[in-house]
Amino acid sequence: MIRVEGLRFGFGAQEVLRGLAFEVRQGEVLGVLGPNGSGKSTLLKLLRGALVPGSGRVLLDGRPVHRYSRRALARWIAVVPQAMAVPFPFTVWETVAMGRFAHRRALSGPTRADRAAVERALAWTDALHLAGRAVTELSGGELQRVFLARALAQEAPVLLLDEVTSHLDIRHRLQVAELLARLNREEGRTVVHVTHDFDLAAEISHRLLLLGPLGEPEALGPPREVLRPERLHRAFGISVRVEPDPLTGGPRVFPVLRGPQPLQLDLDVHVVCGGGSGGEILRRLVLSGARVSAGPLNRGDTDAELCRVLGVRVVLERPFSPVGERALSEAGPLMRGADALVVGPVPWGPGNVRILEAVEQALEAGRPVFLVDPRPERDFSGHRAWEVLRRLEGLGACRVADARELVEALSGVSAG
Amino acid sequence: MRVPGPPRARVLWPALVLGLGGAFAFSMWAGALRLPWSEVLWILAGGPAASPTHGAIVMRVRLPRALLAALVGASLGSAGGAFQALLRNPLADPYILGVSGGAALGAVAALSLGATSALAVPAAAFAGAVASMGFVYVVARAHRGSPHTLILAGVMVGSFCSALLLFLLWAAPADPARAAVFWLAGDLSGADPGWLPAAAAWASVAFAGLWAQSAALDLLTQGEDVAADLGLDVGRARLLLLACGGGLVAASVALAGLVGFVGLVVPHAVRALWGPAHRRLLPASAALGAAFLLVADGVSRTVLAPAEVPVGVITALVGAPFFLYLLRQREGRP
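Residues numbered from 1 in each chain as written. Chains lettered and ligands numbered in written order. Predicted model: local features only at pLDDT ≥ 70, side-chain atom pairs only at ≥ 80, totals over all residues.

Engineer: Help me out: how do you make sense of the overall build of chain A in this one?
Structural biologist: When its secondary structure is counted, chain A shows 15 helices and 18 strands. Relative to its length of 416 residues, chain A is extended, with a C-alpha radius of gyration of 29 Å against a globular reference of 22 Å. In terms of principal-axis extent, the alpha carbons of chain A reach across some 95 × 50 × 35 Å. Within chain A, the fraction of its 416 residues that count as buried is 44%. Relative to all contacts within chain A whose residues are 6 or more apart in sequence, the contacts with residues 24 or more apart total 64%. (Helix = DSSP H or I, 4+ residues; strand = E, 2+ residues; numbered from the N terminus. Rg over C-alpha atoms; globule rule 2.2 N^0.38 Å. Buried ≥ 20, exposed ≤ 12 C-beta atoms within 10 Å, placed from the backbone. Contact = placed C-beta atoms within 7 Å.)

Structural data, given as structure tokens:
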């Protein structure tokens, strides 16, 4: 339906878009993502024929888009602009009826079809009750819905939307998302929407186009292929975690906040934890940039679950079973290969105390070991674990009070 | 569902007809010589006058004068409404695009050159108005002709013209300078009634052109990008609107000099009362502009009778406080 070929555009010497090529298929929802200044708005202007490409072409139904008359184009493409104040007090009804301009003959009043289209558009956008209000008295969110209604009244097969959800509260954001999905599903409308809302884009788009900071295409494809941490890092310069949505399975993007001045640990660290004792330790180590491994842990253990989310390499034992030979021999190389070993405040019992013995071997092999808040109260193995812990301390293991102190202590360890 | 109309829509036309009729009657009655209402109406209806003087005053002096005031007021009111939409500024003035400067320069140049023919001054004013608007349009079009550049170019052309104007006034002998001041203030006494038919025809065509573009004006208030996305050929519409609106302003300037505030206040008041849709706003502004200038002219002829105050002084004295009142109303809104 819309084909973009070798599209380049610049303002003067400043090149804003560099070599875009893609196709928007009929009945497709395409989301366009990218950092500020990546040319999203410029791309939208080129798609709706407001700018003429520097080189390359934008084809609508096989014809260059800027060759269409404005009137003909308005019957093909309806644009929803970002909400901005209107200085003239038109009513909501009058404003939405402006969407019918391209369908009306000069000097003729609104026809029955015009009225029906306006009413339908107002109903779709939950704005019927606003019909008689002046647009100068509306809130930003209400105004945005009115502009959406105006575009819907245009009854064009293609909808272009420019960050329309950024002014809306959560309820109306969801309503607009559902409306776009419905227009697409039930009426086969093609939708191209520029947005900063990753989750919403992933939810309603068939494909996403991710633009890099210099207006170069970074990725184009289904949401789960485009919304990858490394791609988002290249485009936005941020660290994110991407997880499947528990309900829909679609990708969810979680930006990772860093502290004001995070310690940078260039270390391989192996963590012995379990039963939730490793939570804070694992999080802080991952945030500080250390390459973390953990285990052995029972499958289904809270810490094992956290490791999966954080992308920490973990050695697993069967659920609720004592740690066996196989898991220990798998964990051994990780322990001996690490720059440092961390033993969390784990409750010790007959099932896991053998891990401590493996730690002791690693310590004897020269690996530095850190004990986070070791206490005899957590020993349920009949003093066996506490004895090993005491022995470890005697051999030079370092005792720290909590995860924060651990990270500081680790910053003194040099990578090997 | 019932289409929600603008507030007070039902009383719009009756109110305007009544207002216009009342203003016309007032203008016919006002003047140095007090004629009874009944006699004025009788003469207007074609009855024989009690005295030939009275007949001449009503039919040859007051009637053309009233028609002239109505024509100028209607032109300024409707052109002002169109320019406010075109420039996306509800407080814009029809003179904002350098029209006043160009027209004044033309008129004063003709006066100070000692023009003798009665047609010379209005013709020069008309030429000056059209030339300055054309210049503003060409300059602004080089920068995509956005409202912004149009206004800036208009202000600059206006300033340039008024500098030349001041020089001409400084250099001119006393008599033409006094005539020029009258003209600059806005004055309905100078026009020849013989021009009325031609001026009315001209204004009707220009107004029809504006009115036909009502929907385009509605769209332009939403911003040029939005108007284009909704299917409007913005460049063409803008040229048409500037030509028609400019034609109306140039004609009224040629007939009556620079009558201020009608084009600013009238459309603003209409919008506040009956909403901004131009299908209604343009004719309503024309009617209300005509009524306003009829009343102002009547006042200008009676307040210091038998002397006549330039009508532009009256419109400014009424218009400026009213405009400040409107501004305060606007401030009160969120």
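After presenting the structure, the write-up continues.
Engineer: Quick question: what am I supposed to make of the confidence of the model for chain B here?
Structural biologist: For chain B, the average pLDDT comes to 85, and 95% of its residues sit at 70 or higher. With a pTM of 0.79, the predicted complex shows an ipTM of 0.86. (pLDDT = per-residue confidence, 0-100.)

Engineer: Would you mind showing me how to read the nonpolar core here?
Structural biologist: Generally speaking, nonpolar side chains in soluble globular proteins are found buried as a group. Formed by 190 residues in total, the largest nonpolar core has its most connected members in A:Val96, A:Val146, B:Ala107, B:Ala129, B:Ala250, B:Leu293 and B:Leu294. At 15 residues, the largest contribution of residues to this core is made by helix H3 (residues 52-86) of chain B. The residues contacting B:Ala250, other than those within four sequence positions of it, are B:Val99, B:Ala103, B:Phe126, B:Ala129 and B:Val130. The next biggest cluster of nonpolar side chains, apart from the first, holds 50 residues, and it includes A:Ala290, A:Ala331, A:Met335 and A:Leu392. (Core = buried A, V, L, I, M, F, W, Y, C linked by C-beta atoms within 7 Å.)

Engineer: I keep staring at the interface of chain A and chain B and nothing clicks. Help me out?
Structural biologist: The figure often quoted for interface size is the accessible area lost as the parts come together. Counting residues at the interface gives 26 residues for chain A and 24 residues for chain B. Mapped by element, the contributors of at least two residues to the side of chain A that touches chain B are helix H2 (70-76), helix H3 (92-97) and helix H4 (112-124) of chain A. Looking at the side of chain A that touches chain B element by element, the count peaks at three residues for H2(A). In terms of residue class, the side of chain A that touches chain B is built from 16 nonpolar, three polar and seven charged. (Nonpolar A, V, L, I, M, F, W, Y, C, P; charged D, E, K, R; others polar.)

Engineer: Teacher, can you tell me more about the packing of H3(B) against helix H11 (residues 234-256) of chain B here?
Structural biologist: The axes of two packed helices give the description: the angle between them and the distance between them. Residues and elements named next belong to chain B. Where H3 meets H11, the closest approach of the two axes is 9 Å, and the angle between their N-to-C directions is 150 degrees. When the interaxial angle is binned, H3 and H11 end up roughly antiparallel. Note on packing geometry: the crossing formed by H3 with H11 is left-handed. From H3, Leu-68, Val-72, Ser-75, Leu-76, Ser-78, Ala-79, Ala-82, Phe-83 and Leu-86 reach across to H11, where they touch Arg-238, Leu-241, Gly-245, Leu-248, Val-249, Ala-251, Ser-252, Leu-255 and Ala-256. For the contact of H3 with H11, a count of residues per class yields 13 nonpolar, four polar and one charged. (Axes fitted to C-alpha atoms, helices over the stretch in contact; angles between N-to-C directions. Parallel < 35°, antiparallel > 145°, perpendicular 65-115°, else oblique. Left-handed = near helix turned anticlockwise from the far one by under 90°.)

Engineer: Help me understand unusual backbone geometry, please; the structure alone is not making it clear to me.
Structural biologist: Excluding glycine, residues mostly carry a negative phi; peptide bonds, for their part, are mostly trans. All names here are of chain A. For the bond running from Gly-295 to Pro-296, omega is -5 degrees, close enough to zero to count as cis. One non-glycine residue, Asp-126, lies in positive phi territory at about 60 degrees. Looking at the element boundaries, Asp-126 is found in the loop between H4 and helix H5 (140-153).

Engineer: How should helix H1 (residues 12-29) of chain B be read in this particular structure?
Structural biologist: Counting along an α-helix, one turn takes 3.6 residues, and residues three or four places apart therefore face a common direction. All names here are of chain B. For H1, spanning 18 residues, the distance from its first C-alpha to its last is 26 Å, which sits close to the expected 26 Å at 1.5 Å a residue. Looking at H1, one finds that the buried residues are Leu-16, Ala-23, Phe-24, Ser-27 and Met-28. Buried residues of H1 fall within an arc of 135 degrees about the axis and therefore sit on the same side. Away from its buried face, by an angle of more than 90 degrees, H1 presents the exposed residues Pro-14, Leu-18 and Gly-21. Taken together, the buried residues of H1 touch helix H2 (37-44), H3 and helix H13 (278-302). The positive-phi residue at the C-terminal boundary of H1 is Gly-31, with phi of around 155 degrees. (Expected span 1.5 Å × (residues − 1). Arc of directions from axis to C-beta.)

Engineer: For this particular structure, what's the right way to read the sheet that holds strand E14 (residues 291-298) of chain A?
Structural biologist: Pairing between sheet strands relies on hydrogen bonds along the backbone, with the strands arranged either parallel or antiparallel. Residues and elements named next belong to chain A. Within the open sheet, the six strands sit side by side as E15-E14-E13-E16-E17-E18. Their pairing is parallel. What marks the edges here is a single partner per strand, and that holds for strand E15 (313-317) and strand E18 (398-400). Shown here is a sheet whose adjacent strand axes are inclined to one another by a mean of 20 degrees, direction ignored. Across four bridges, the pairing between strand E13 (residues 268-272) and strand E16 (residues 340-343) is parallel. Paired with Val-272 across the bridge in E16 is Val-343. With respect to the sheet, helix H13 (residues 353-364) is in contact with E13, E14, E16 and strand E17 (369-372), its orientation differing from that of E16 by roughly 150 degrees. (Pairing = 2+ DSSP bridges.)

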